[in-house]
Amino acid sequence: MEYMEGMDNIGSEIMYKVIGETENYDYKKYKDNDVLKVLQKDIISLEDYKVLLSPAAEKYLEPIAHKAKKETMKHFGNSINMFTPLYIANYCENYCVYCGFNCMNKINRAKLTMKEIEEEMAAIAGTGLKEILLLTGESRNMSSVEYIGEAVKIACKYFSSISIEIYPLNVDEYRYLRECGADYVCVYQETYDTDKYEEVHLFGHKRIYPYRFNAQERALMANMRGVSFGALLGLGDFRKDAFAAGLHASLIQKKYPHAEISFSIPRLRPYINNSDNNPNDVHEKQLLQVMLAYRLFMPYAGITISTRERAGFRDNVIGIAATKISSGVKVGVGGHGKDEKGDEQFEIADSRNVKEIHDMIISKGLQPVYNDYIRL
Amino acid sequence: MNNDKLIIGGHEFNSRFILGSGKFSLDMTKAVIENGGVEMATLALRRANNGGEENILDYIPEGITLLPNTSGARNAEEAVRIARLSKELGCGDFVKIEVVRDSKYLLPDNYETIKATEILAKEGFIVMPYMYPDLITARELVNAGASAIMPLAAPIGSNRGLVTKEFIKILVEEIDLPIIVDAGIGKPSQACEAMEMGVDAIMANTAVATSGNIPMMAEAFKLAIIAGRMAYLSGIGRVLENKGEASSPLTGFLND
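Anyway, here's the lowdown on the structure attached to this text. (Residues numbered from 1 in each chain as written. Chains lettered and ligands numbered in written order. Predicted model: local features only at pLDDT ≥ 70, side-chain atom pairs only at ≥ 80, totals over all residues.)

1. A word on the overall build of chain B
Move 1: Each helix and strand in chain B was counted, giving 8 helices and 10 strands.
Move 2: For chain B, the C-alpha radius of gyration of 20 Å lies close to 18 Å, the compact-globule estimate for 256 residues.
Move 3: By residue count, 51% of the 256 residues in chain B fall in the buried class.
Move 4: A separation of at least 24 residues holds for 61% of the contacts in chain B among residues at least 6 apart in sequence. (Helix = DSSP H or I, 4+ residues; strand = E, 2+ residues; numbered from the N terminus. Rg over C-alpha atoms; globule rule 2.2 N^0.38 Å. Buried ≥ 20, exposed ≤ 12 C-beta atoms within 10 Å, placed from the backbone. Contact = placed C-beta atoms within 7 Å.)

Put into structure tokens, the structure is as follows:
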């Protein structure tokens, strides 16, 4: 876990706490009675959160969902935020065995020009969306911070909120992108299990676990508005990984109380040249359990539901726990204005456009929210 | 009662129910406003989507006074910038200052709120600051030019009721501006209780939005607020201790 040259080292007290607590998390020890006690509580402690993620809690998903729905209503009302991702490049310098973008996978690589980025953004803005998530593969050489910064500047013309899901950066680089107009940073640790992490990240800067772990904190030090957390469920022990992501987020919130916090709950998906890339024991039931646990442990945190999941699942988790949903999603490079220029990162399971998602939200008595941030 | 007006920054209101929007579907806004007899409604400027989809400004009926809030501001400077933006968008002179630096409890930052109030009041805004009920802060807000004081009853969205009751009472006693209880009121009975103790108006959102019948709950709040106000104006009758009043004369010896 040695840092590579040029990587900011901001210390790791939160990381050691998360790793330590996660190692000691024995989810098998919890029984029905523990779950029933948690269901009666108003405030969910770390210990209660452990119970909610345990196998014992699985058979109480119905009452847990009711409790979670109340919290979601209390904190978010019936608002569901709308956004879409835009992949501007898919070059990658990492070898992560579970990812379609990994540098050893022979796929069509591409990077949008600024003209193409503008065309893509204009097409997305035409659907009414005001929030965008910009993504790249993890290649500093092919998609530099300056390149991403220029893309963010163009995005400012069309969108009120700009999130970035790119390779982890140093504080000054996050500050630069903040100045360009980005406000939210999404970084996923994939797995919090240090051994597993090494096993699945065979080479590249991503192999440096602590640099990735501390990305959210560096982003907040650079004055980003908010940060997103998540583990790629199915890669390691999903209960431990979900527990660690929640604890990580809560400790960051405690240290940076102004930060807006959100979660994503990705599961492994098949990708080109690896159709068997499946999340093993993380079925929809377990996925929902994780979402509900996040909601009850951090009721004020946003939860995003991705197009990795099927429409029927997405439609039902909004309002219960999820507060943000993507639509009109393309996971290749570009593809909103013109055809995709590079191959996809993974297969999506819900291809509905913005209008269809909008209508679905309304039909459920919920309120689509397009704009929820003012860039000052 | 007909002459009993709520006056904020020189503007008269008959209704003492200020509606918070943002937690129920926009297409219910009109019904909630009508059933609640609402004359002033807040809107989070961050949710305004001018010319775009689902713009809250398109759903608030004409004639309703807009109370834009500075939700999302983390310091005075951001609150001031949002307020100015609100004026540019034509949302009027009213502004509810919300400066929140805690994403967990959404408790207001009183210090930054005072700073923002001072700047905006000088610029001619009718400033209604959301604050933690603290007398010293309230006095500072008065001096800074606030037009009303909006103490929280409990954390936003908690529906826990008048948790800070004793401190709000102090504000009612000591501050000459309208005191508007904002945040935490969960039931009409709690709104009524606050009005009975002399609060000037109630702002509610979550309590209405999370109810089973939103328009009906808006009406329930309207009636509770009216009832509380009438009770306050009437002067609450005396309330006896559990045992009733002692009947044995204590001052009889004066006649000895």
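2. Remarks on the overall build of chain A
Move 1: Check the secondary structure of chain A and you find 14 helices and 13 strands.
Move 2: For 376 residues, the compact-globule estimate of 2.2 N^0.38 gives 21 Å, and the C-alpha radius of gyration of chain A, at 19 Å, lies within 12% of that figure.
Move 3: With respect to the three principal axes, the spread of C-alpha positions in chain A is 60 × 50 × 45 Å.
Move 4: Residue burial in chain A is summarised as follows: out of 376 residues, 57% are buried.

3. Some words on the pairing of strand S4 (residues 40-44) of chain B
Residue and element names in this part refer to chain B.
Move 1: Of all 5 residues that make up S4, 5 are buried, and the element is covered over most of its length.
Move 2: Going residue by residue along S4, you find Met40, Thr42 and Ala44 tucked away on one face and Ala41 and Leu43 tucked away on the opposite face as well.
Move 3: Sheet analysis places strand S3 (residues 17-19) next to S4, joined by 2 bridges and oriented parallel. Bridging from a neighbouring strand, leucine 19 pairs with alanine 41 of S4. (Pairing = 2+ DSSP bridges.)

4. A short note on the packing of helix H1 (residues 13-24) of chain A against helix H11 (residues 238-255) of chain A
All names here are of chain A.
Move 1: In contact at an axis separation of 9 Å, H1 and H11 are set at 145° when each is read in the N-to-C sense. Handedness of the crossing formed by H1 with H11: right-handed. Together, Ile14, Lys17, Val18, Glu21 and Thr22 of H1 and Lys240, Phe243, Ala244, Leu247, His248, Leu251 and Ile252 of H11 make up the contact between the two elements.
Move 2: Among the residues making up the contact of H1 with H11, the classes are represented as 7 nonpolar, 2 polar and 3 charged. (Axes fitted to C-alpha atoms, helices over the stretch in contact; angles between N-to-C directions. Left-handed = near helix turned anticlockwise from the far one by under 90°. Nonpolar A, V, L, I, M, F, W, Y, C, P; charged D, E, K, R; others polar.)

5. Details of the interface of chain B and chain A
Move 1: Listed by partner, the interface residues are 28 residues for chain B and 25 residues for chain A.
Move 2: Those elements that place two or more of their residues in the side of chain B that touches chain A are helix H2 (76-88) and helix H7 (206-209) of chain B.
Move 3: No other element matches the 4 residues that H2 of chain B contributes to the side of chain B that touches chain A.
Move 4: Looking at the side of chain B that touches chain A, its residues break down into 7 nonpolar, 10 polar and 11 charged.

6. Side note on H2 of chain B
Residue and element names in this part refer to chain B.
Move 1: Helix length check: H2 (13 residues) gives 18 Å between terminal C-alpha atoms against 18 Å at 1.5 Å per residue, within 8%.
Move 2: Within the span of H2, buried status applies to Ala76, Ala79, Val80, Ile82, Ala83 and Ser86. Projection of H2 onto a plane perpendicular to its axis shows the buried side chains occupying an angular sector of 165°, all on one side.
Move 3: Close packing links the buried residues of H2 with strand S5 (65-69), strand S6 (94-97) and helix H3 (110-122).
Move 4: Where H2 ends, the next residue or the one after it, glycine 90, has phi of about 85°, a positive value. (Expected span 1.5 Å × (residues − 1). Arc of directions from axis to C-beta.)

Any functional reading would require information that these geometric values do not contain.
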